[in-house]
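Remarks on the overall topology
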Amino acid sequence: MAQFRQCPDTGLFFHKEAENLMKANAVAGVVCLLIAGILALLVVLTRWPAVHLLPADTFYMVLTAHGVCALIFWVIFFEIAILYFAGSTLLRSRLATPRWAWAGFVLMIVGAVMTMAAIFAGKSSVMMTSYVPMRAEPHFYLGLVIFAVGALIGCFVYLGTLVVAKNEKTYEGSVPLVTFGATVACIIAIFTIASGAEILIPTYLWSIGYISHIDPAMYRLIWWALGHSSQQINVSAHVAVWYLIAGVIFGARPMSEKVSRAAYLLYIFFLQLASAHHLLTDPGLSVEWKLFNTSYAMYLAVLASMIHGLTVPGAIEVAQRKKGLTNGAFEWLRKAPWDNPVFSSMFISLVGFGFLGGISGVVMGTEQISIIIHNTIYVPGHFHATVVIGTTMAWMGLTYLLIPVLFRRKMIMPQAAKLQPYVFALGMSLVAIFHMAAGTLGVARRHWDMGFAGNPLGFEYPATAYLLMGIAGVGGVIAVVGGAMFIVIAVGSLVFGEKLQKEAGLLQSFGFPLADSAYTDEKPARLPMAPSEAVEAHHDESSFEAPGTFILAMVLLVSFVIYYFINWKYLSEVWGLS
Amino acid sequence: MADENNTDEREEEKISPWQQMIDNPFLLLFIGVAMPTVFYTLWGVMEIASLPVAPY
Ligand code: HEM
Ligand SMILES: [Cu+2]
């Protein structure tokens, strides 16, 4: 008999087995973020030319560990927690096969430990991308494969939960939009993991000498089906988290369920094809292949992101206007709860993802422009805007939301929590912007010494490049402080936060079941169909429901056009023809 | 019991094919795997595999 408890504050239902799994996965993710953050400090202090902290070998080892631990382990552990939340709690359903889910979790832990151990042993400094013919130790690849198998099990448990919920009729109509978004993330994850198996298993066999040769071009092709798609899991999932948080904080309903779902559908069709933008400068692949996958397909996926970027703040605006905040274009935004870290993290995630990550991503995904920034520090600048300001801050916002709801603890240090998103965002924006700027001057990524001291084939960067890397270094330190504040607040709340329920003890914060007294055997009432939508309900009004959001969207578009133009200008200067 | 069945049937009548597609995660999974497999992976693999090998 499945047991549930209902959160008295939000009304959300938690299935006993599911909530333990959510906690365990989320906590494992945060531990990975902690490790990744410590490593980030070492990396960024080395790339700050005036500090240049680590020796070369250690730098490449630590950089490998930072990339793997942050982008693979932190993000995916947390994603699994989100899947279970979206499948079980949001659908008021029991989780399918909790034992399999635990088995998947254990595999993920084992895999993660194995890979990190291989990296720290020092002979697997092959970077997160592990391009052949660089060879890591076998258990580096094996660990990743085991981790991926664990995550795959999580995906299937999620799909199974959708089936259970449907069969047991736990909801009316279609699944809620947030669950739909999680489903899209899960689908992309399955393609991602399959591609990972396709390339990492042969590479593992090669590392133990069973296969003699792996073609580097082929490796890059298949690896990026993993590397890029995995970022699209993040996008789908963090967009779902935006919708979720907008719903919880403002009671905001999507402006149009149809439009939002259609945008998600575009993700399913096109998002993964954009993997090709990583290979724009690769020889061997035809222009047709590159253009089909990055132009036509990628723009449709970008269109989908722009729709989400418009409808999420639009939904908030509509909800706020209903509450009477109707003065001017932006009263709804000015009077938003900026001191609530759940909201501020989410909104910064949205704006940062769109303006910094989105614009730079589309620009660099253009074949001609790609060539001037490929393999420069511009690239880490871009993806710290997407995966850190975008994804990581969305996860942080969700964590703040879940501390009382899921973990049943009161958040400690509320004053620091108010500040945390701003500190982290400030630091990370500096990292992103100044890395991009330095990249425009040609500074290489994954490079220990931009001075090329003692190198016969050196190159002299302009002094400005050193200054830019220095500013990025300062930003990195600020970001690490912001990240540390998050960890202290999140973990501190789980350990020391006031209990909102007597059963929520220490071990319970980390995935042990609450005592039976917390649950009932009663099945939650069926989830009713969502009330009619914010906009579709009264279509006759001629003006756009969310004028402030419309202005924001126009600002984004203009910024994009200007920035696109600037980059073509840079490109035209490369050859100095005119 | 009979009544319940009836309402369910009526619910299903209203559902458009479009909506049915969106409501079927396994169909979506198929599309989401097939699209990139064909246009990105297979097409790309064919191009790389057909490159002539450089003489030593
Ligand atoms: C505290 C915040 C962080 C700082 C200061 C930071 C800083 C850096 C720096 C300086 C680099 C090296 C760039 C280079 O030399 O090529 C780097 C690489 C990287 N970072 Fe971060 N980072 C932070 C957080 C994160 C997070 C949260 C993620 C993922 C969610 C992430 C993912 C990556 C990845 C994937 C790489 C590339 C590794 C490679 O080239 O193989 N970082 N980071
Ligand atoms: Cu990509």
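Residues numbered from 1 in each chain as written. Chains lettered and ligands numbered in written order. Predicted model: local features only at pLDDT ≥ 70, side-chain atom pairs only at ≥ 80, totals over all residues. Heavy atoms only, no water.

**Points about the overall build of chain B**
The helix and strand tally for chain B stands at 3 helices and 0 strands. The buried share among the 56 residues of chain B stands at 25%. With an accessible surface of roughly 4200 Å², chain B has 64% of that area assigned to carbon and sulfur atoms. (Helix = DSSP H or I, 4+ residues; strand = E, 2+ residues; numbered from the N terminus. Buried < 20%, exposed > 50% of the residue type's maximum accessible area, 1.4 Å probe, protein only. Areas by Shrake-Rupley, 256 points an atom, 1.4 Å probe, with all protein chains shown as cover.)

**Some details on the coordination of the iron atom of ligand 1**
Each protein donor to the iron atom of ligand 1 is listed here as His66(A) (NE2) and His384(A) (NE2); together their distances run 2.0 Å. His66(A) gets classed as buried once you look at its relative accessible area, which sits at 15%. (Donors = N, O, S within 2.8 Å, 3.2 Å for Na, K, Ca; no water.)

**Brief notes about the site of ligand 1**
Residues and elements named next belong to chain A. Taken together, 27 residues lie around ligand 1, and Arg-47, His-66, His-384, Arg-445 and Arg-446 are the ones closest in. At 2.7 Å from a nitrogen atom of ligand 1 is found a side-chain nitrogen or oxygen belonging to His-66. Secondary-structure elements contributing two or more residues to the shell around ligand 1 are helix 1 (16–47), helix 2 (56–89), helix 12 (378–405), helix 13 (414–440) and helix 14 (463–496). The element that contributes the greatest number of residues to the shell around ligand 1 is helix 2, accounting for 8 residues. Taken together, the residues of the shell around ligand 1 break down into 18 nonpolar, 6 polar and 3 charged. (Near = heavy atom within 4 Å. Polar contact = N/O pair within 3.5 Å; in protein donor to acceptor, adjacent residues only side chain to side chain. Nonpolar A, V, L, I, M, F, W, Y, C, P; charged D, E, K, R; others polar.)

**Let's talk about the interface of chain A and chain B**
Every contact between the two is made by 37 residues of chain A and, on the other side, 26 residues of chain B. Of the roughly 2800 Å² buried at the junction of chain A and chain B (both faces included), carbon and sulfur atoms supply 77%. For chain A, the biggest contributors to the area lost against chain B are Phe191(A), Phe269(A) and Trp289(A); these three give 18% of the whole. The interface formed by chain A and chain B holds 0 salt bridges in total. Applying the counting rule to chain A against chain B returns 8 residue pairs in polar contact (both at pLDDT 80 or more). Here the side of chain A that touches chain B is built from residues that sort into 23 nonpolar, 7 polar and 7 charged. (Contact = heavy atoms within 4.5 Å. Buried area = accessible area lost by both parts, 1.4 Å probe. Salt bridge = Lys/Arg side-chain N within 4 Å of Asp/Glu carboxyl O.)

**What about the side chain of Thr170(A)?**
Residues and elements named next belong to chain A. Mapping Thr-170 onto the fold places it in the loop between helix 4 (138–167) and helix 5 (177–207). There is a polar contact of 2.7 Å between the side chain of Thr-170 and the backbone oxygen of Leu-91. In this structure Thr-170 touches Leu-91, Arg-92, Ser-93, Ala-165, Arg-526 and Leu-527, once residues within four positions along its chain are discounted.

**Some thoughts on helix 15 (residues 547–575) of chain A**
Residue and element names in this part refer to chain A. Here helix 15 is 29 residues long and its end C-alpha atoms lie 44 Å apart, about the 42 Å a rise of 1.5 Å per residue gives. Among the residues making up helix 15, those that are buried are Gly-548, Thr-549, Leu-556, Asn-567 and Leu-571. Check the buried side of helix 15 and you find it contacts helix 8 (287–322), helix 9 (331–334), helix 10 (341–364) and helix 11 (367–373). (Expected span 1.5 Å × (residues − 1).)

**Side note on the pattern of salt bridges**
Residue and element names in this part refer to chain A. Summed over the entire model, instances satisfying the criterion amount to 11 salt bridges over all chains. A salt bridge links Lys-16 to Asp-516; the nearest nitrogen and oxygen atoms lie 2.7 Å apart. Separated by 500 residues along the polypeptide, Lys-16 in helix 1 and Asp-516 in the loop between helix 14 and helix 15 bring together distant segments of the chain. A network of salt bridges, in which partner residues are shared, links Arg-253, Glu-257 and Arg-261.

**Quick word on the nonpolar core**
Among the nonpolar cores identified, the biggest contains 189 residues, and Phe73(A), Tyr264(A), Met346(A), Trp395(A) and Tyr40(B) are the most heavily contacted of them. In terms of residue count, helix 2 of chain A provides more of this core than any other element does, 23 residues in total. Each residue touching Tyr40(B), except ones within four places of it in the same chain, is listed here: Arg220(A), Leu221(A), Trp224(A), Ala225(A), Leu273(A), Ser275(A), Ala276(A), Leu279(A), Trp289(A), Asn293(A) and Met35(B). Grouped together as the second largest cluster of nonpolar side chains are 9 residues, Val443(A), Met450(A), Phe452(A) and Met469(A) included. (Core = buried A, V, L, I, M, F, W, Y, C linked by side-chain atoms within 4.5 Å.)

**Some points on a nonpolar patch on the surface**
Residues and elements named next belong to chain A. A surface patch of nonpolar side chains, about 410 Å² in accessible area, is lined by Val-31, Leu-34, Ile-35, Ile-38 and Phe-120. In terms of residues, the nonpolar patch owes the most to one element, helix 1, which gives 4 residues. Mapping Ile-38 onto the fold places it in helix 1. (Patch = residues over 30% accessible without salt bridge, like charges linked within 9 Å, V, L, I, M, F, W, Y side chains within 5 Å.)

**What about the side chain of Asn567(A)?**
Residue and element names in this part refer to chain A. Examined against the element boundaries, Asn-567 turns out to sit in helix 15. Owing to a relative accessible area of 1%, Asn-567 belongs among the buried residues under this scheme. Separated by 3.0 Å, the side chain of Asn-567 and the backbone oxygen of Tyr-563 make a polar contact.

**What about the packing of aromatic side chains?**
Residues and elements named next belong to chain A. If you walk through the whole model with that rule in mind, you get 27 aromatic pairs over all chains. Ring centres of Phe-73 and Phe-147 lie 4.7 Å apart, and the angle between their planes is 55°; this geometry places the pair in the tilted category. Of the two residues, Phe-73 is situated in helix 2 and Phe-147 in helix 4; the sequence distance between them amounts to 74 residues. Taking relative accessible area as the criterion, Phe-73 reaches 1% and is therefore assigned buried. You can call Phe-147 buried: its relative accessible area is 2%. (Phe/Tyr/Trp six-rings, centres within 6.5 Å; stacked < 30°, edge-to-face > 60°.)

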